[in-house]
Amino acid sequence: MIAGRKGACRFGSSCLIAGFSIWSFETNPTSFVCEFSSGKRFTISFTGSVVETACYTAAVPDSITIEVDGVRSETITTDDPEPSA
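Notes on the structure follow. Keep in mind the model is a prediction, meaning the values are calculated, not measured.

### Notes on the overall build of the protein chain
For step 1, the next point in the chain: Tallying secondary structure elements over the protein chain gives zero helices and eight strands in all.
For step 2, the next point in the chain: Helices and strands appear in the protein chain in the N-to-C order β-β-β-β-β-β-β-β.
For step 3, the next point in the chain: Taking 12 Å as the expected radius of gyration for a compact globule of 85 residues, we find that the protein chain reaches 12 Å, a close match to that expectation.
For step 4, the next point in the chain: Seen through its principal axes, the protein chain has C-alpha atoms that stretch 35 × 20 × 20 Å.
For step 5, the next point in the chain: Expressed as a percentage of the 85 residues in the protein chain, the buried residues total 39%.
For step 6, the next point in the chain: By sequence separation, contacts in the protein chain at least 24 residues apart represent 49% of the contacts at least 6 residues apart.
For step 7, the next point in the chain: A total of about 5,100 Å² of accessible surface is found on the protein chain, and carbon and sulfur atoms cover 50% of it.

So, how was this worked out
- Residues numbered from 1 in each chain as written.
- Predicted model: local features only at pLDDT ≥ 70, side-chain atom pairs only at ≥ 80, totals over all residues.
- Heavy atoms only, no water.
- Helix = DSSP H or I, 4+ residues; strand = E, 2+ residues; numbered from the N terminus.
- Rg over C-alpha atoms; globule rule 2.2 N^0.38 Å.
- Buried < 20%, exposed > 50% of the residue type's maximum accessible area, 1.4 Å probe, protein only.
- Contact = heavy atoms within 4.5 Å.
- Areas by Shrake-Rupley, 256 points an atom, 1.4 Å probe, with all protein chains shown as cover.

In structure tokens, the structure reads:
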């Protein structure tokens, strides 16, 4: 499940920040992919089942989709007034 919020990031004070939690995987995956509206994809390692700050962007317009072990989240956008899952 993806969760979005607005806040400060290294790109500025008004960023779209995405986090996620996972469940029901037979074994916990060790990486996830952040995908942005430009098509850029970044693979990041993690442990556990919750990542509070997984991806962020200050670009407008932009969007974030998170993929974990082939499972894609809903997409959140910078246009969302209160982004959420």
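Further notes follow.
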